[in-house]
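Coordinates in review
Here's the letter readout for the chains.
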Amino acid sequence: MAHFIRLRATKAAAVAVASGGTYAFLRDPSVSANDRGGGGPALESFRSKIGDPYAVVPPRAVQESALIGASPANPLDILVVGGGATGCGVALDAATRGLRVGLVEREDFSSGTSSRSTKLLHGGVRYLEKAVFNFDYGQLKLVFHALEERKQVIENAPHLCHALPCMTPCFEWFEVVYFWMGLKLYDLVAGPRLLHLSRYYSAQESVELFPTLARKGQDKTLKGTVVYYDGQMNDSRLNVGLACTAALAGAAVLNHAEVISFLKDEGSERIMGARVRDNLTGKEFDTYAKVVVNAAGPFCDSLRKMANNDAKPMICPSSGVHIVLPDYYSPEGMGLIVPKTKDGRVVFMLPWLGRTVAGTTDSNTNITMLPEPHEDEIQFILDAICDYLNVKVRRVDVLSAWSGIRPLAMDPRAKNTESISRDHVVCEDYPGLVTITGGKWTTYRSMAEDAVDAAIKSGKLSPGNKCLTYNLRLVGGEGWDPASFTVLAQQYVRMKKTYGGKVVPGVMDTAAAKHLSHAYGTLAERVAAIAQNENLGKRLAHGYPFLEAEVAYCARHEYCESAIDFIARRSRLAFLDTDAAGRSLPRIIQILAAEHKWDKSRQKQEVQMAIQFLETFKSSKNAQFHDGKHK
């Protein structure tokens, strides 16, 4: 019989309602963070392991051996399939509970939806509006949940996440009152989870804070703006940090490893493991586990069909397109959010890693490995932001554009699409296969907690302790503070090799030091040491702070196995500036070849694959356009 669990709000399982094989767990939003307890000696033990400045993740070969070593007589407790935010979150949660864990990911950690997000850690302000106007307590619990988890994500990875003020322009006095009251209610609901208080700015103050904001829009005059705070993150680096933290906690994580079939018990038909192919070597092996957790995001239905060909779909895929524009479109420390454009969609412009991210669309799509943005979606975003800016919005300014697939979840037994949820769903509709899908980046940690709870129940597992991830800093986060970059700037130099082979010293400037500190946290000194001691201090692309030393560091300590892994997920060059990423490829591949001992054939293959990958990011250079609209 199938078991379905739809989970909302804050602390585990207060009420269970059983009817027709369905178990719905509602959480009590009034539970405070303190009720989770300190975690005792177990938490301290994992904190010291993960925070050890000399700790190194086990090499990929060791991780693969650990998976191969899981036998029917000595299986893993949990095998996670999928290396996005949720999958890596599950691996970390399970490992810190003292369970024996493996994780396999077909591509790279964060290669799908998790690297193509809006880069925001949402508190759920739109859910609050629905809660108030529809008297919907369920929506209110979603807000409590999102606010609590948002604050924890920022606290657990302070180097990769921060609070970002977001400005909403008002062209009617009614809008000023409406948004101000709504956001004051949001502040009130947030309580101790509040990042900063929201406030109103006059039209004059607003354009001083956001110089490119238009004073007139849609034939109306700006009356002022309301500013509130949400969280912002470097999504794929946060995801890679989760994978590395899980590895330090004892999980055997393996990217570029694909599940090609499930292993089933002949008598009970229960899933007891998987046949896995290492996509780098072509080698196949079996790995056994008491429970398999399906965290494959948009692809979770294909895994469910692998277990049972008659499985009904539970994913309703939605496409979200984002574009990256130069930094002059938005000021460094302020975002712009328009809650309702002419056609009712939300549009935003946010400063991110020295550039401006704008988006987003929300439309039905097909599930593909490399989704591409359509030109009309890019034009929609340009048209929408055009109404609110006093600068010319040009298609030629688009440095990068990408599409991500949101795996909106629905109950596979539902008769209509009204059950589609932006919340997450945990289900076990085949013995031994627990599926977790839906949800959002902000709540990845509690999604993982729910999935591990379900896996423990399914496999009758015996964890050594309760969930510890609530108060657990990710690798690089322990002991980090915003002034950490000064140590790098003062104590390290960037030794650079010129084209003639001569080694010259270069200053570890503020931009490079800040970038390393935020990308690697307390481990930034390791990268700076490589730049200094191995003559890898040169910048990879003009105008960007990424250093050659990062390529070597990521190959050694972050499971970076391909050029695409580096340009898309370890650094964010592909997302920030597709053309700059293309120009940096030869040097990146040269360094990776030295680290991984690639032959000429492999290097050539890497170039071809990376170029094909970058063509899916529709920068102005590789876009097929010109309707003349935004020239």
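Okay, so let's go over this structure. (Residues numbered from 1 in each chain as written. Predicted model: local features only at pLDDT ≥ 70, side-chain atom pairs only at ≥ 80, totals over all residues. Heavy atoms only, no water.)

Summarising the element assignment, glycine 537 is placed in the loop between α14 (524-533) and α15 (548-557). Its relative accessible area of 0% is what places glycine 537 among the buried residues. Distance from glycine 537 to alanine 549, taken between C-alpha atoms, is 6.1 Å for residues twelve residues apart in sequence. Those residues within four positions of glycine 537 in sequence are excluded, and the remaining contacts are Arg494, Met495, Lys496, Ala531, Leu547 and Glu548. (Helix = DSSP H or I, 4+ residues; strand = E, 2+ residues; numbered from the N terminus. Buried < 20%, exposed > 50% of the residue type's maximum accessible area, 1.4 Å probe, protein only. Contact = heavy atoms within 4.5 Å.)

Another point: the packing of helix α3 (residues 85-96) against helix α8 (residues 235-248). Packing of α3 against α8 leaves a shortest axis separation of 9 Å and a crossing angle of 25 degrees. Taken together, the axes of α3 and α8 are roughly parallel relative to one another. In the packing of α3 onto α8, the handedness of the crossing is left-handed. Between α3, through Ala85, Cys88, Gly89, Ala91, Leu92 and Ala95, and α8, the contact on the second element is made entirely by Asn239, Leu242, Ala243, Thr245 and Ala246. In terms of residue class, the contact of α3 with α8 is built from eight nonpolar, three polar and no charged. (Axes fitted to C-alpha atoms, helices over the stretch in contact; angles between N-to-C directions. Parallel < 35°, antiparallel > 145°, perpendicular 65-115°, else oblique. Left-handed = near helix turned anticlockwise from the far one by under 90°. Nonpolar A, V, L, I, M, F, W, Y, C, P; charged D, E, K, R; others polar.)

This part takes up α8. Residues that lie three or four places apart on an α-helix share one face, since the helix turns once every 3.6 residues. Between its first and last C-alpha, α8 extends 20 Å over 14 residues, near the 20 Å set by a 1.5 Å rise per residue. For α8, a buried count of 14 out of 14 residues is recorded, marking the element as mostly surrounded by other parts of the structure. Note on α8: the residue one or two positions beyond its end, glycine 250, has a positive phi of about 115 degrees. (Expected span 1.5 Å × (residues − 1).)

The next thing to look at is empty space enclosed by the protein. Per the counting criterion, the structure on display carries seven cavities of 30 Å³ or more. Quantified by volume, the largest cavity comes out at close to 180 Å³. Listing elements by their share of the lining of the largest cavity, those giving two or more residues are α8, α13 (510-520) and α15. At four residues, the largest contribution of residues to the lining of the largest cavity is made by α8. Looking at the lining of the largest cavity residue by residue, the classes come out as eleven nonpolar, four polar and three charged. For the second largest cavity, the calculated volume is near 90 Å³. Lining the second largest cavity are 13 residues, with Ile50, Gly51, Leu474, Gly476 and Glu478 positioned closest to its centre. Class assignment for the residues of the lining of the second largest cavity results in five nonpolar, four polar and four charged. (1 Å grid on protein atoms, 1.4 Å probe; cavity = no way out; pocket = protein on both sides within 12 Å on 5 of 7 lines; lining within 4 Å. Points joined across faces, edges and corners; volume = space filled by probe spheres on them.)

That is the geometry; function is a separate question.
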